[in-house]
Amino acid sequence: MKRHYYIILIGVLMLFCGSISAQQYTHRVEKGETIFSISKKYGVTEEAIYSLNPDAKNGLRSSTILIIPSDGNAEVQKKVTFKKHRVKRRETLFSIAQRYNISVDDIKKYNKELYSRQLKKGEKIQIPIFEVVATTVDNTETTLETGIDIQGRHEVLAKETKYGIARKYGITIAELEAMNPLIGESLQIGTMLNVPKAAVIESATIEDENFEFYEVLPKEGFFRLKVKLGLSQEEIIAMNPYAADGLKEGMILKIPKENAIGSETKSIIVNLEDGITNLSKKKIAVMLPFQLSKADRDSIKNNIDLIKDNGALRVALDFYSGVIMAAEFAKDKGISVELDIYDTEGRSEKVRSIIDQNDFSDIDAVIGPLLRKNVEQAASALKKTDTPIFSPLSNREIKISSNLFQTLPTDEMLAKAMLEYLRMNAMGKNVIIISDSKKTAQKAALMDAIPGSKTLAPREKGFLYDTDISSRLEDMRENWVILESVDPVIVANVVGLLNGMPDNLTIRLFTTDKNDAFNYHDVSNMNLAKLNFTFPSVNKSYNFKDKNAFLVSYKNKYNVLPNRFAVRGFDVTYDVLLRLAIADDVYDANDSNIETEYIENKFRYTKKMFSGYQNNALYIIKYNNDLQFEVVE
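Below is a summary of the structure that appears in this document. (Residues numbered from 1 in each chain as written. Predicted model: local features only at pLDDT ≥ 70, side-chain atom pairs only at ≥ 80, totals over all residues. Heavy atoms only, no water.)

## A short note on the side chain of Ser537
Of note, Ser537 is situated in strand S21 (residues 534–537). For Ser537, a relative accessible area of 11% puts it in the buried group. A polar atom in the side chain of Ser537 sits 2.6 Å from the backbone oxygen of Asn539. Contacts of Ser537, omitting those with residues within four sequence positions, involve Leu414, Leu618, Tyr619 and Ile621. (Helix = DSSP H or I, 4+ residues; strand = E, 2+ residues; numbered from the N terminus. Buried < 20%, exposed > 50% of the residue type's maximum accessible area, 1.4 Å probe, protein only. Polar contact = N/O pair within 3.5 Å; in protein donor to acceptor, adjacent residues only side chain to side chain. Contact = heavy atoms within 4.5 Å.)

See the structure below:
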């Protein structure tokens, strides 16, 4: 039975069958709640809840409606507390009321201005939280703040902390402090504390020094903790059996120190498909320079010629084909997608016109435009609605905008990553830096990072002789040659000379900037492969022999393998859709510990100070002997 049928069924029973008496209540299960915590909240036994809700023995799910019995000796009290809620895009009073299991009138009652006006995105409103607390007439004491029975006492022992004691009794730090209002920051040995009657684990301390406590934060589920701590749901439950009923805000977990926040750990690559929870329709706007005004509806030949002669149009069409495939893949995962496609014509004026004439308030994300000036125009115009803009192909510095997601690492980031790789791995190598006059700054950075490196500059006529390089090579050590140049003649010259060196020399070629000079027609890819040419890159290259689902689907649909723009369209779009499927929006989904990877691209966004978000994920690539790109790091 689907969840909403169950909710409707309970409502019908309440209205017509009279099976829920005046001495019973209903409770909507919140994420992280357990039968134990609910029984404590209402002052009843777990068995009493199970007797009226037998299906609960199979586990609880968020939003399930439970029938809560009265214990016969209790009187019901209601306490109102408040929490702040920041209104998000597309939220309504009705949706917020449903989220907190209250009525629209409850919200308006405590936010009287909403009687006369609509909600405003970004404003903070008061949400009344009604806590029903059963206070019995026996010796059991309860607190209105928590609704938890205080039937037990705990004497603080040596080495015990609030974290450990809360964990022992299956409550949060906030709940422990509410039961003991005078508790301080540190506990004194011998202090007597109010606690629940039964402990859920034996000890309030961690004897093994390799473990420590972790407090679950708001909205953190097992998927988020896997990303953050590197621990699977099974591993967390094995160390914390009470977590089997779900996580809740403030829960205290025992985790290995090596997984603790602050440890020197790299971000891990995560498959967002494993964390899909939000299956609501995703509305994506795509802005690309199709330049349809130039197309001829009556002439196939003219349109073919237009495509041949217009590079920007070809890029737009390739990228769009990838976007379409991403939407289809998302739908296969149960994610409904609505695409709004706009032709920017490659003009910033057209971008402004599109935004002025259309409603973007319910758009989850905008992918595009392609050109920097158009991205700046879109980001600026949509900043007022906080609509996220994903710049798909430009890695140039863009004007500050808090709603901008820069999907490509900058050239500076690429150079810095390559510099760090060389610094960490050049020990024991014979390093030779060859640079032209336009790369003096990078030459200085390399010399500083790799002490003892040798340097070489082209002669006055812009080239080198065989002896210029051979005199600096060694046969007893691996020779690492770092070539920094934007001159195709110099690049072709050096690559040719290095390939002509004796076979007894081990030579490897590097650069921090693989610019167009390395794609010059006189620069042989075969020669680069022989030198294991290594460089930083925003993307890797797929192997066409791989039986990847995207490659197969694309080939079946278009009868060709996708080029890098089509792959880029798929990778960017699918990543955005999956991020929207694991959270309420892409801002909530952002986590600098999350790194995602698809066909050729990976993404790890960090929030820039006073600005938007920057993708920091990149590759160190080398040519292998099969003329394939191989990921080094």
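After that view of the structure, there is still more to cover.
## Some points on the pattern of salt bridges
The full count for this structure, using the stated rule, is 18 salt bridges. Between Lys162 and Glu177 there is a salt bridge; the shortest N-O distance is 2.9 Å. Highlighted residues: Lys162 in helix H6 (residues 162–168) and Glu177 in helix H7 (residues 173–179), separated in sequence by 15 residues. For Lys162, a relative accessible area of 10% puts it in the buried group. For Lys333, the salt bridge goes to Glu273, with nearest N and O atoms at 3.7 Å. Placement of the pair is Lys333 in the loop between helix H11 (311–332) and strand S13 (337–343) and Glu273 in the loop between strand S11 (268–269) and strand S12 (282–288), with a sequence separation of 60 residues. Taking the relative accessible area as the measure of exposure, Lys333 reaches 40% and is therefore partly exposed. Taken together, the shared-partner salt bridges in this structure form one network comprising Lys281, Lys283, Glu338 and Asp362. (Salt bridge = Lys/Arg side-chain N within 4 Å of Asp/Glu carboxyl O.)

## Topic: the sheet that holds strand S25 (residues 613–615)
Reading across from one edge, S13-S12-S14-S15-S16-S25-S24 is the order of the seven strands in this open sheet, with mixed pairing throughout. Pairing within the sheet leaves two strands with one partner each, and these edge strands are S13 and strand S24 (605–607). Direction aside, the axes of adjacent strands within the sheet are offset by 25° on average. Lying over the sheet, H11 contacts S12, S13 and strand S14 (365–367), oriented at roughly 170° with respect to S13. (Pairing = 2+ DSSP bridges. Axes fitted to C-alpha atoms, helices over the stretch in contact; angles between N-to-C directions.)

## Here's the deal with the nonpolar core
With 50 residues, the main nonpolar core has Leu272, Ile284, Phe390, Phe550, Phe570, Tyr574 and Val576 as its most contacted residues. When residues of this core are traced back to their parent elements, those giving at least two are helix H8 (222–229), S12, H11, S14, helix H19 (549–558), helix H20 (564–581) and helix H21 (586–589). Every residue in contact with Ile284, bar those within four places of it in the chain, is listed here: Glu338, Leu339, Asp340, Ala365, Ile367, Val576, Leu577 and Leu580. Counting 30 residues, the second largest nonpolar core, distinct from the first, contains Ile434, Ile490, Val495 and Tyr619. (Core = buried A, V, L, I, M, F, W, Y, C linked by side-chain atoms within 4.5 Å.)

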